[in-house]
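Notes for the structure review
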Amino acid sequence: MSKNIFLILACFLLAAIPMSATKRATTKNHTHTTAAHHTAAHHNADGVTADDMTLASVSKTNPFEIVPAAGMELLGDIDDGSADAAMIDDMLNYAHKFLGVRYVRGGRSPKGFDCSGFTSYVFGQFGISLSPSSATQYTQGTKVSRSDVQPGDLLFFTGRAARSGRVGHVAIAIDADPVSGEITFIHAARGGIKVDRLTAPYYASRYLGARRVLGK
């Protein structure tokens, strides 16, 4: 009788051992599958983890290269001509420093200027090379209509012989009123460096045209 009971218990033990092993294997596989699913959930389609998602992207080939947000690369292409406008303002302010300097025929220095000597000297201080001859300056840059004259443009006039049609004088435009059409300019006149208006009868009757050598 005892022998039979022992055999029955042995059979139960043998049957229980593989069931336990199977349960442990099943639990281990479930844990591994859950971990793998958890890891995959933290990656997007490109293999970037959630921790990698920051405000700026980092180049895969160069970790020190920050890729700007969309559209930011266009900011460097904006050009509104502000650099030219600033240079023209500086140039005109510089020209005004010579107000009252005497007129000297052929003069090209602050000790004394003639008309083309004054324009070539002022522009030269800002890296713009002009001929010392007003007639040659009339061929430089681009032609500008009277209605389109802007500060910094060169204005040309005949000399004392108003009907000659030949360039004999040059000035620098400092202001152009689009409403009235009035243009003021600075130049080396017989009385020295001064500011005048294009509507003044003397200059209105001698005006020939304008040229632009700086700006757009």
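Quantities reported herein were computed from a predicted structural model and do not represent experimental measurements.

Cut-offs used in this document
Residues numbered from 1 in each chain as written. Predicted model: local features only at pLDDT ≥ 70, side-chain atom pairs only at ≥ 80, totals over all residues. Heavy atoms only, no water. Helix = DSSP H or I, 4+ residues; strand = E, 2+ residues; numbered from the N terminus. Buried < 20%, exposed > 50% of the residue type's maximum accessible area, 1.4 Å probe, protein only. Polar contact = N/O pair within 3.5 Å; in protein donor to acceptor, adjacent residues only side chain to side chain. Contact = heavy atoms within 4.5 Å. Core = buried A, V, L, I, M, F, W, Y, C linked by side-chain atoms within 4.5 Å. Salt bridge = Lys/Arg side-chain N within 4 Å of Asp/Glu carboxyl O. Pairing = 2+ DSSP bridges. Axes fitted to C-alpha atoms, helices over the stretch in contact; angles between N-to-C directions.

**Some details on the side chain of Ser131**
In this fold, Ser131 is placed in the loop between α3 (115–124) and α4 (134–137). Among the residues examined, Ser131 registers a relative accessible area of 16% and is labelled buried. Within polar-contact distance, the side chain of Ser131 engages the backbone nitrogen of Ser133 at 3.1 Å. Beyond its immediate stretch of four places on either side in the chain, Ser131 contacts Ser120, Thr136, Gln137 and Gln140.

**A closer look at the nonpolar core**
In terms of nonpolar packing, the biggest core is built from 25 residues, with Phe98, Phe113, Phe118, Ile172 and Ile193 touching the most fellow members. Within the residue set of this core, elements represented by two or more residues are α2 (82–96), α3, β6 (154–158), β7 (167–176) and β8 (183–189). Beyond its immediate stretch of four places on either side in the chain, Phe118 contacts Ala95, Phe98, Gly107, Phe113, Ile172, Ile186, His187, Ala188 and Ile193. Core analysis: the next-biggest nonpolar cluster, separate from the first, contains 13 residues, Val149, Ile183, Leu198 and Tyr203 among them.

**Some details on the pattern of salt bridges**
Summed over the entire model, instances satisfying the criterion amount to two salt bridges. Note that Asp153 is salt-bridged to Arg212, the shortest N-O span being 2.9 Å. With Asp153 in the loop between β5 (142–144) and β6 and Arg212 in strand β10 (residues 207–212), this pair connects stretches of sequence that are 59 residues apart. Here Asp153 falls in the buried class, since its relative accessible area comes to 0%. By relative accessible area, Arg212 is classed as buried at 14%. Close ionic contact of Asp196 with Lys194 constitutes a salt bridge, the shortest N to O distance being 3.9 Å. Since its relative accessible area comes to 15%, Asp196 is described here as buried. Classification of Lys194 as partly exposed rests on a relative accessible area of 34%.

**Structural notes on the sheet that holds β6**
Here six strands make up an open sheet; going across it, the order is β5-β10-β6-β7-β8-β9 and the pairing antiparallel. The sheet is open, and its two borders are formed by β5 and β9 (192–197), each paired with just one other strand. Here the average twist between neighbouring strands, direction ignored, is 35 degrees. Inspection of the sheet shows β6 paired to β7 by five bridges, in the antiparallel sense. Within β7, the residue paired with Leu155 across the bridge is Ala171. Relative to β7, α2 is tilted by about 115 degrees, and along the sheet it contacts β7, β8 and β9.

**Focus on the pairing of β6**
With five of its five residues buried, β6 lies for the most part within the structure. Burial along β6 is two-sided: the residues Leu154, Phe156 and Thr158 and Leu155 and Phe157 are all buried. Summarising the sheet, β6 and β10 pair through four bridges and their orientation is antiparallel. Counterpart to Phe156 in the pairing with β10 is Gly209.

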